[in-house]
Amino acid sequence: MTTLRTYNGVLDTPVEYLKGVGPVRAELLKSELGLYKAGDLLSDYPTKHVDRSQFHKVGDINEDGQYVQLIGEFVSLNMIGEKRAKRLSGVFRDKSGQIEMVWFKGANYMAKFLKPYVPYVAYGRVSFFRGRPNIPHPELETLENPDRLKANSRIMPSYRSTEKLNTKGLDSKARRRIIQEFLPKIRERDIPEFLPDDVLSKLKLISAYQARIHIHFPKNQDILLQAEKRLKFEELFIHQIRLLYSKASYKAESPGHVFSTIGQHFNHFYKNILPFDLTNAQKRVIKEVRTDVRTGRQMNRLLQGDVGSGKTVVALMTMLMAIDNGFQACLMAPTEILAQQHYQGISDLLKDTELKVGFLSGSVKGKPRKQLLEDLASGHIDILIGTHALLEKPVVFSNLGLSVIDEQHRFGVAQRAKLWAKGKQHPPHVLVMTATPIPRTLAMTLYGDLDVSIIDELPPGRKPVKTSYKSELKRPEVIAFMKEQIKKGRQVYVVYPLIEESEKLDLEDLNNGYEKLLHYFPTPDYQISVVHGRMKQEEKDFEMQRFIDKKTQIMVATTVIEVGVNVPNASVMVIENAERFGLSQLHQLRGRVGRGADQSYCILMTNFKLSADGRERLDTMRRTNDGFEIAEVDLRLRGPGAIEGTQQSGLPGFKIANLAKDGAILTAARRMAQAILDEDPELSNEKHKRLRSHLGRSLKQAKSWSRIS
Ligand code: ADP
Ligand code: MG
């Protein structure tokens, strides 16, 4: 977080010395909100603003949820109800009528403080209860002081608070007054500008000083927007500068192998083996990789592409580049089955070449393992494919030049580091593939220090999966449809949600569902596989294999069904309780079908009652098959923290920027940061001096972080 470097004084004033604070409130500001100095209060931006320039009449109130500002008085104030239902109820009246105001929280405090027959200005949100309007927890201000009324008839900030602060009278309104008191004392020189002039002028940003004043008490909506824009930009820009600086320092300090030639294996594969034309997106990514591996710096590239977009062949061609330059390559997948599938697919493509492909997982033991490790160390094996068994100590390469990691979010940073250590002289280049598209804005903030390639195009001729949603009433129809598909020789997935906190319950769901399915699909006519999280990996693999081998027609599973597993003959995906899944997860699951030549279907079974969010999710699924579009909607609905793959990666907590909404500002910030660092990598130019000094020590930190991550 950026702290303001102050000129001298005002912003360093401890909160207890500010007017309207005092020792008791100061303690609360510190312990509850972590605000110690005036500058901290200034940087604790309002959570929202309310337009208090309008006044309303009680008699005109007719809308639930409407915000109103009233002038009137209380004709009665009574504590009513018992124990937990105890509350303060006041009848508030103006010339046009009367309305109830209630306090559940802090009722005792308010009862002491409020007086009947004294004029107040009241502001709050109308809520209807049994057809009658009331206003819970209104903000109140006595009307004794006309100056204050005037001062308050404007756009007003609201501040975050806590229950404890509210009950101690340090609510949003009190916070507002404190700020209002000390804001005029701040001078322009207290908040020196730190963004370069040309950034300010290019993006038409107001100054650091102005933004900080207007974000609290804007004169109008326009200046409020300007203040928000400036502060959001500055927050994202500073973050991007640090990321890009750290990335550049890392690159400068981490030499990598040079793959200088495109050789015989690559060319032979491309001309004689590759059974289809590459899509433009695939070609572009291969070029991006090619550029990286020639620089003499280690490549760290994230390859994002929807399920079925053809990442594997890109990985394979990258591996061939490594081999053509005298190196070995490896590919690591998160599960045995996935690794096996890669092994079979790649061995098959390379069967008429002299290249040697090896397989390693926990299940390779004894003599074969020993032989494999020897062949690897002697350089006999060109490509090693496997599970995280690849990371183990005895696995020694003769000359590892490239590591490909499939389905990235299952592997942590520590594991990536282990792979690096397998390189001799230099760490291998790293290509990480993921089928969980991350919205661009998130990728820019999360992986700012990785290079990102995107395959945003599916191979031609794919039939998009047809998606529908059905309520329980339509169950017989769905069963009939499944039977029809099975009769055609297709296979079906039935998936139940698995949410960790209620794992037991979900297993029950799955078991009940399984029982029902057995009833509809009796043996011996039908065979059903079951896979769930409580099973051992070998059991899961066994069941999965039966399904792959077409020994079973239906696969009942919790969401553990393997990412990336390819069963082209499966053409129906039934998702139970679909409303309980996040969008990205639904999309991932749907990606299990639509891999063969046949038309595939995804059926989302839902509750009768859907929340607005739930409906939007299901409608989005029906509308589009584009993983990036889906990820954007998911980001908007659930916020950045909930997006898969972001939890462990330490998404920065922004104070004012919102990644779900501020994509345009982020893009501008990124571009600007990149341009500045391209021109002046160490920020040593005169015009970047103040930026550099604002970043201060955090730049050096960025440098040292880049070495350990
Ligand atoms: P994913 O990106 O999900 O890992 P895969 O690499 O498994 O996708 O590719 C899915 C399928 O598409 C594979 O059968 C692959 O052979 C095929 N494929 C990949 N690229 C193309 C292409 N350019 N044209 C036609 N088919 C392709
Ligand atoms: Mg794949």
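All values reported here derive from a predicted model rather than from experimental measurement.

Q: What should I look at first to understand the overall build of the chain in this one?
A: For the chain, the helix and strand inventory stands at 25 helices and 22 strands. Taken along its principal axes, the extent of the C-alpha atoms in the chain is 95 × 70 × 40 Å. Residue burial in the chain is summarised as follows: out of 709 residues, 52% are buried. Looking at the chain alone, contacts between residues at least 24 apart form 74% of all its contacts between residues at least 6 apart. When the accessible surface of the chain is summed, it comes to about 33,500 Å², and 51% of that surface belongs to carbon and sulfur atoms. Averaging the locations of the 106 positively and 84 negatively charged side chains of the chain gives two centres separated by 3 Å.

Q: Explain the pairing of strand S19 (residues 528-531) to me, please; I cannot follow it from the model alone.
A: Side chains on a regular strand alternate between the two faces of the sheet. Across the two faces of S19 the burial is the same, with Ile528 and Val530 and Ser529 and Val531 all buried. Sheet topology note: the S19/strand S20 (residues 554-558) ladder contains four bridges and is parallel. From the neighbouring strand, Ile528 faces S20, where its bridge partner is Ile554. Taken together, S19, helix H19 (residues 537-548) and S20 form a β-α-β motif whose crossover is right-handed.

Q: Explain unusual backbone geometry here, please?
A: Excluding glycine, most residues fall at negative phi; most peptide bonds, likewise, are trans. Cis rather than trans, the peptide bond between Thr523 and Pro524 has omega equal to 0 degrees. Secondary-structure assignment places Pro524 in the loop between helix H18 (503-520) and S19. In this model, Asn577 sits at a positive phi of 45 degrees, which is unusual for a non-glycine residue. Within the secondary structure, Asn577 sits in the loop between strand S21 (570-575) and helix H20 (583-590).

Q: Is there a simple way to think about the sheet that holds strand S8 (residues 139-142) in this case?
A: A sheet is described by the order of its strands in space; here seven strands give the open sequence S6-S7-S4-S3-S2-S5-S8, paired in mixed fashion. The two strands at the open ends of the sheet, each matched to only one other strand, are strand S6 (127-129) and S8. Neighbour-to-neighbour, the strand axes of the sheet open up by a mean angle of 45 degrees, direction not taken into account. Where strand S3 (residues 87-94) meets strand S4 (residues 97-103), seven bridges bridge the pair, whose relative direction is antiparallel. Looking at S4, one finds that Phe92 is bridged to Ile99.

Q: Please explain the side chain of Ser172 as it appears in this structure.
A: With respect to the helices, strands and loops of the structure, Ser172 is situated in helix H6 (residues 172-182). Taking relative accessible area as the criterion, Ser172 reaches 13% and is therefore assigned buried. Excluding residues that lie within four positions of it along the chain, Ser172 makes contacts with Pro157, Ser158 and Tyr159.

Q: Can you walk me through the packing of aromatic side chains in this structure?
A: For any two aromatic rings, the description comes down to two numbers: the centre-to-centre distance and the angle of the planes. Counted by the stated rule, this structure contains eleven aromatic pairs. Taking 5.0 Å as the distance between ring centres and 85 degrees as the angle between the ring planes, the aromatic pair formed by Phe521 and Tyr526 counts as edge-to-face. An aromatic cluster is built from Phe74, Phe92, Trp103 and Tyr120, whose rings are joined through pairwise contacts. In this structure, Lys483 packs its charged tip against the face of Phe521, placed 5.4 Å from the ring centre.

Q: Can you walk me through the site of ligand 1 in this structure?
A: For ligand 1, the set of nearby residues contains 15 residues, the closest of which are Asp277, Gly308, Lys311, Thr312 and Arg462. In the model, a nitrogen atom of ligand 1 is placed 2.9 Å from a nitrogen or oxygen of the Gln282 side chain. In the model, an oxygen atom of ligand 1 is placed 2.8 Å from a nitrogen or oxygen of the Lys311 side chain. Burial of ligand 1 by the surrounding chains reaches 74%, relative to a free accessible area of 560 Å². Here the shell around ligand 1 is built from residues that sort into four nonpolar, six polar and five charged.

Q: How should the pairing of strand S2 (residues 67-80) be read in this particular structure?
A: Of the strand pairs in this sheet, S2 and strand S5 (residues 120-125) are connected by six bridges, and their pairing is antiparallel. Residue pairing for S5: Gln69 is matched across the bridge by Tyr123. Pairing geometry for S2 and S3, over seven bridges, is antiparallel. When the sheet's bridge partners are listed, Met79 is paired in S3 with Leu88. In this structure, the hairpin formed by S2 and S3 is closed by a connection of six residues, where Gly81 is found at a positive phi of approximately 80 degrees.

Q: Honestly, helix H22 (residues 627-638) in this entry has me stumped. Any pointers?
A: Compared with an ideal rise of 1.5 Å per residue, which puts twelve residues at 16 Å, H22 spans 16 Å between its outermost C-alpha atoms and is within 8% of the ideal. Looking at the buried side of H22, the elements it contacts are strand S10 (300-305), helix H16 (440-446), strand S16 (451-455), H20 and helix H21 (612-623). Capping of H22 at its N-terminal end is provided by Asp626; its side-chain oxygen lies 2.8 Å from the backbone amide nitrogen of Phe628. Where H22 ends, the next residue or the one after it, Gly639, has phi of about 85 degrees, a positive value.

Q: Looking at this structure, how should I read the sheet that holds strand S12 (residues 357-360)?
A: Strand pairing in a sheet is mediated by backbone hydrogen bonds. Such pairs are either parallel or antiparallel. Read from one edge to the other, the open sheet built from seven strands follows the order S12-S13-S11-S14-S15-S10-S16, with strand pairing classed as parallel. A strand with exactly one partner marks an edge of an open sheet, and here the two such strands are S12 and S16. Each strand of the sheet is rotated relative to its neighbour by a mean of 20 degrees, with strand direction disregarded. As paired elements, S10 and S16 share five bridges and run parallel to each other. Bridging from a neighbouring strand, Leu302 pairs with Val452 of S16.

Q: Looking at this structure, I do not really get the pattern of salt bridges. What am I missing?
A: When their charged atoms lie close together, side chains carrying opposite charge are able to pair. Summed over all chains, the structure comprises 31 salt bridges. The salt bridge involving Glu234 is made with Arg230; its shortest N-O contact spans 2.9 Å. Here Arg230 and Glu234 lie together in helix H9 (residues 221-253), a separation of four residues that amounts to about one turn. Exposure class is identical for Glu234 and Arg230. Each is buried. The closest approach of N and O atoms between Glu288 and Arg301, which form a salt bridge, is 3.7 Å. With Glu288 in helix H11 (residues 280-294) and Arg301 in strand S10, this pair connects stretches of sequence that are 13 residues apart. Taking the relative accessible area as the measure of exposure, Glu288 reaches 25% and is therefore partly exposed. Salt bridges sharing partners connect three or more residues here, namely Arg284, Glu288, Asp292, Arg301 and Asp456.

Q: Would you explain the environment of Lys185 in this entry?
A: Mapped onto the secondary structure, Lys185 falls in the loop between H6 and helix H7 (197-203). For Lys185 and Leu11, which are 174 residues apart along the polypeptide, the C-alpha to C-alpha distance reads 9.6 Å. The residues touching Lys185, leaving out its near neighbours within four places in the chain, are Val10 and Asp190.

Q: Help me out: how do you make sense of the domain arrangement of the chain in this one?
A: Taken as a whole, the chain is organised into domain 1 (54-153), domain 2 (192-253 + 662-709), domain 3 (264-455) and domain 4 (466-624). Distance from the C-alpha centre of domain 1 to the C-alpha centre of domain 4: 53 Å.

Q: I tried to follow the nonpolar core on my own but got confused; where do I start?
A: Generally speaking, soluble globular proteins have nonpolar side chains that are buried together. One finds Phe182, Phe233 and Phe237 to be the most contacted residues of the largest nonpolar core, which totals 62 residues. Residue contributions to this core reach at least three from each of two domains, namely domain 2 (192-253 + 662-709) and domain 3 (264-455). When sequence neighbours within four positions are dropped, the list of residues in contact with Phe237 reads Leu195, Ala669, Met672, Ala673, Ile676 and Leu691. Of all hydrophobic cores here, the second largest spans 56 residues; its members include Met332, Leu372, Ile405 and Ala570.

Rules used in this analysis
- Residues numbered from 1 in each chain as written.
- Chains lettered and ligands numbered in written order.
- Predicted model: local features only at pLDDT ≥ 70, side-chain atom pairs only at ≥ 80, totals over all residues.
- Heavy atoms only, no water.
- Helix = DSSP H or I, 4+ residues; strand = E, 2+ residues; numbered from the N terminus.
- Buried < 20%, exposed > 50% of the residue type's maximum accessible area, 1.4 Å probe, protein only.
- Contact = heavy atoms within 4.5 Å.
- Areas by Shrake-Rupley, 256 points an atom, 1.4 Å probe, with all protein chains shown as cover.
- Lys, Arg positive; Asp, Glu negative; His and termini not counted.
- Charge placed at Lys NZ, Arg CZ, Asp CG, Glu CD.
- Pairing = 2+ DSSP bridges.
- Right-handed = clockwise from strand over helix to strand, strands pointing away.
- Axes fitted to C-alpha atoms, helices over the stretch in contact; angles between N-to-C directions.
- Phe/Tyr/Trp six-rings, centres within 6.5 Å; stacked < 30°, edge-to-face > 60°.
- Lys NZ or Arg CZ within 6 Å of the ring centre and 35° of its normal.
- Near = heavy atom within 4 Å.
- Polar contact = N/O pair within 3.5 Å; in protein donor to acceptor, adjacent residues only side chain to side chain.
- Nonpolar A, V, L, I, M, F, W, Y, C, P; charged D, E, K, R; others polar.
- Expected span 1.5 Å × (residues − 1).
- Salt bridge = Lys/Arg side-chain N within 4 Å of Asp/Glu carboxyl O.
- Domains from an automatic or database assignment.
- Core = buried A, V, L, I, M, F, W, Y, C linked by side-chain atoms within 4.5 Å.

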